[in-house]
Amino acid sequence: MTTYRSLEWRDNSLVLLDQRVLPHNVRYLTLTRVEEVAEAIRNMTVRGAPAIGSAAAYGMALAALQNRVLSTQKLRHFLEQAADLLKASRPTAVNLAWAVDRILDRIKINPTADTEEIFQIVLREAHRIAEEDVRTNRQIGLNALPLLPHKVTFIHHCNTGALATVDYGTALGIIRTAHEHGHEVFVYVDETRPRLQGARLTAWELQQLGIPFQIIVDGASGFIMRTRKVDAVVVGCDRVARNGDTANKIGTYNLAIAAHAHGIPFYVAAPTSTIDLSLPNGEAIPIEERTEDEITTIEGFRIAPENASAYNPAFDVTPASYITAIITEAGVAYPPYDESLPSLVELAQQWRTTITEQD
Ligand SMILES: CSC[C@H]1O[C@H](OP(=O)(O)O)[C@H](O)[C@@H]1O
């Protein structure tokens with residue numbers, strides 16, 4: 001496993017690696033209240049679709065712990081409110097709601113549990129979500145291997161490694177798996193404006209993994225596809241609709257268009273927890289808009305003129321027609337995705353149920 005974890009449950013607290021100050025400072029925050037977890041997700045102390053899902057699940061455990069003194073009925077009501085607070089912290093990544101709803105479902109199927117039992121039920125489910133994520137990510141990496149040439153150069157966008165998940169990573173997990181299985185790997189790392197998850201986080205992870213890379217500005221990817229050999233683009237996701245339309249970090253759509261123009265495979269690494277079959281297409285995926293200062297300043301230094309306005313959508317939606325394959329832990333989906341994705345989601349659900357029954 002990786003030498004660092006994005007989050008960890010320790011001594012009835014949630015310990016988060018503060019991703020806002022990486023790579024130059026490795027700082028951990030210890031949270032004891034659900035309100036702190038919601039704020040840590042909103043301000044991107046912890047970020048990445050699977051990581052915020054797991055953090056929210058542990059936030060529910062803190063909510064149960066901090067309110068065990070209430071009556072059972074009042075605790076159940078508080079947990080419903082805590083769920084709403086966590087879900088409202090960031091709208092795009094479906095993993096957040098998926099994880100919180102799993103916790104709520106567990107509570108509902110135990111109507112006679114007392115407050116201590118409710119806390120134990122919630123904590124056990126939060127641990128299960130975290131453990132599943134690591135197994136899921138490793139399997140995504142293995143499922144991708146047959147798609148890759150031995151000598152493989154990637155372009156990667158944002159951060160999708162251990163920092164964006166509980167461990168191992170999704171798209172970066174594919175890159176890591178190829179490296180660990182002897183492929184000759186090189187990565188062009190999109191810096192990923194404005195929060196620079198690529199330059200700060202992916203570069204840090206690749207250095208620790210010993211995988212060769214170069215950081216590029218987001219606008220360079222088309223030029224590099226035209227002038228250098230790129231074998232595949234691999235990205236993560238925050239929400240995949242039934243037809244395969246995929247929300248991911250802003251700039252992903254541009255990357256997909258450039259890859260399509262150059263005939264380069266464009267792969268999405270997608271835990272099935274990020275697939276939202278309730279959405280027929282990407283039109284209804286909520287796109288988070290963040291503050292202007294993320295664009296107009298860097299590390300607190302203003303780069304734009306005073307009073308200059310900025311528009312800061314944190315995600316975009318790539319139409320399924322630009323996506324070569326969606327690689328999940330249950331297998332690889334190809335178009336038409338509204339036929340291939342549901343069966344993989346069902347397969348993954350059966351696998352999770354099998355694990356739960358083994359508990
Ligand atoms: C493992 S996929 C992580 C996904 O989340 C990132 O967004 P953010 O850094 O704002 O949480 C980006 O979209 C990644 O692809």
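Just so you know, these numbers come straight off a predicted model, no measurement behind them.

Structural notes on the overall build of the protein chain
So, step 1. Regarding its fold elements, the protein chain presents eleven helices and 16 strands.
So, step 2. Its C-alpha atoms give the protein chain a radius of gyration of 20 Å, near enough to 21 Å, the size a compact globule of 359 residues would have.
So, step 3. Here the C-alpha coordinates of the protein chain stretch approximately 65 × 50 × 40 Å along the principal axes.
So, step 4. Per-residue burial over the protein chain gives 57% buried out of 359 residues.
So, step 5. Considering only contacts within the protein chain whose residues lie at least 6 apart along the sequence, 74% involve residues at least 24 apart.
So, step 6. For the protein chain, the exposed area adds up to about 14800 Å²; of that, 52% sits on carbon and sulfur atoms.
So, step 7. The protein chain carries 33 positive and 43 negative side-chain charges, and their two centres are separated by 3 Å.

Let's talk about the domain arrangement of the protein chain
By a widely used convention, the size of an interface equals the accessible area lost when the partners come together.
So, step 1. Under the domain assignment, the protein chain is made up of domain 1 (7–138) and domain 2 (147–358).
So, step 2. Contacts between the two partners involve 33 residues from domain 1 and, on the opposite side, 36 residues from domain 2.
So, step 3. In total, domain 1 and domain 2 occlude about 3100 Å² of area from one another, counting both sides; carbon and sulfur atoms represent 58% of this.
So, step 4. Inspection of the domain 1/domain 2 interface yields one salt bridge.

Side note on the UniProt feature "active site" (unreviewed entry) in the protein chain
So, step 1. In the numbering used here, UniProt assigns the feature "active site" (unreviewed entry) to D238.
So, step 2. Relative to the helices and strands, D238 resides in the loop between strand 7 (232–235) and strand 8 (239–241).
So, step 3. Once residues within four sequence positions are removed from consideration, D238 is found in contact with A49, T92, A93, V94, N95, A247, N248, K249, T274 and F315.

Description of the site of the ligand
So, step 1. Around the ligand sit 19 residues in total, of which G48, R90, D238, N248 and K249 are the nearest.
So, step 2. Taking R47, its side chain carries an N or O atom lying 2.9 Å from an oxygen atom of the ligand.
So, step 3. Contacts to the ligand include R90, whose side-chain N or O atom sits 2.8 Å from an oxygen atom.
So, step 4. Considered on its own, the ligand offers 400 Å² of accessible surface; in the complex 99% of this is hidden by protein.
So, step 5. When atoms are counted within 2 Å of each cavity's grid points, the one that captures over half of the ligand is the largest cavity.
So, step 6. Contributing elements (two or more residues each) for the shell around the ligand: helix 2 (49–66) and strand 9 (246–249).
So, step 7. Residues from two domains meet in the shell around the ligand; each of domain 1 (7–138) and domain 2 (147–358) gives at least three.

So, helix 7 (residues 197–209)
Because the α-helix completes a turn every 3.6 residues, residues three or four places apart line up on one side.
So, step 1. With 13 residues, helix 7 should reach 18 Å at 1.5 Å per residue; the first-to-last C-alpha distance of 17 Å fits that figure.
So, step 2. By the burial criterion, the buried members of helix 7 are Q197, G198, R200, L201, T202, A203, W204, E205 and L206.
So, step 3. Turning to helix 7, the residues buried within the fold contact strand 4 (151–156), helix 6 (171–180), strand 5 (184–190), strand 6 (213–216) and strand 9.
So, step 4. A positive backbone phi angle near 70° is found at G210, which sits one or two residues after helix 7.

Describing a nonpolar patch on the surface
So, step 1. Together, I298, F301 and I303 make up an exposed nonpolar region whose accessible area comes to about 300 Å².
So, step 2. As for its position among the elements, F301 is in strand 13 (residues 301–302).
So, step 3. Owing to a relative accessible area of 59%, F301 belongs among the exposed residues under this scheme.

Looking at the side chain of T296
So, step 1. Note that T296 resides in helix 10 (residues 293–296).
So, step 2. Residues contacting T296, with those up to four places away along its chain left out, are F301, R302, I303, A304, A308 and A310.

Quick word on the UniProt feature "site: Transition state stabilizer" (unreviewed entry) in the protein chain
So, step 1. Using the residue numbers shown here, the UniProt feature "site: Transition state stabilizer" (unreviewed entry) corresponds to C158.
So, step 2. When you line up the elements, C158 lands in the loop between strand 4 and helix 6.
So, step 3. Here C158 is in contact with R47, D190, T192, Q197, G198, T202 and K249, once residues within four sequence places are set aside.

Comments concerning the environment of A178
So, step 1. Looking at the secondary structure, you find A178 in helix 6.
So, step 2. For A178, a relative accessible area of 0% gives the class buried.
So, step 3. Each C-alpha atom of the pair A178 and Q214 lies 18 Å from the other, and the pair is 36 residues apart in sequence.
So, step 4. Ignoring anything within four residues of it in the chain, the contact list for A178 reads L145, L148, H183 and V185.

Focus on the layout of surface pockets
So, step 1. Taken as a whole, the largest pocket encloses approximately 400 Å³ of empty space.
So, step 2. W98, R102, D105, Q349 and R352 are, among the 18 residues lining the largest pocket, the residues nearest its centre.
So, step 3. Looking at the lining of the largest pocket, the elements that each hand over two or more residues are helix 4 (94–108), helix 5 (115–144), strand 11 (275–276) and helix 11 (337–358).
So, step 4. Looking at which element gives the most residues to the lining of the largest pocket, the answer is helix 4, with six residues.

What counts and how
Residues numbered from 1 in each chain as written. Predicted model: local features only at pLDDT ≥ 70, side-chain atom pairs only at ≥ 80, totals over all residues. Heavy atoms only, no water. Helix = DSSP H or I, 4+ residues; strand = E, 2+ residues; numbered from the N terminus. Rg over C-alpha atoms; globule rule 2.2 N^0.38 Å. Buried < 20%, exposed > 50% of the residue type's maximum accessible area, 1.4 Å probe, protein only. Contact = heavy atoms within 4.5 Å. Areas by Shrake-Rupley, 256 points an atom, 1.4 Å probe, with all protein chains shown as cover. Lys, Arg positive; Asp, Glu negative; His and termini not counted. Charge placed at Lys NZ, Arg CZ, Asp CG, Glu CD. Domains from an automatic or database assignment. Buried area = accessible area lost by both parts, 1.4 Å probe. Salt bridge = Lys/Arg side-chain N within 4 Å of Asp/Glu carboxyl O. UniProt positions renumbered as here; feature names shortened; annotations may be inferred. Near = heavy atom within 4 Å. Polar contact = N/O pair within 3.5 Å; in protein donor to acceptor, adjacent residues only side chain to side chain. 1 Å grid on protein atoms, 1.4 Å probe; cavity = no way out; pocket = protein on both sides within 12 Å on 5 of 7 lines; lining within 4 Å. Sits in = over half its atoms within 2 Å of the grid points. Expected span 1.5 Å × (residues − 1). Patch = residues over 30% accessible without salt bridge, like charges linked within 9 Å, V, L, I, M, F, W, Y side chains within 5 Å. Points joined across faces, edges and corners; volume = space filled by probe spheres on them.

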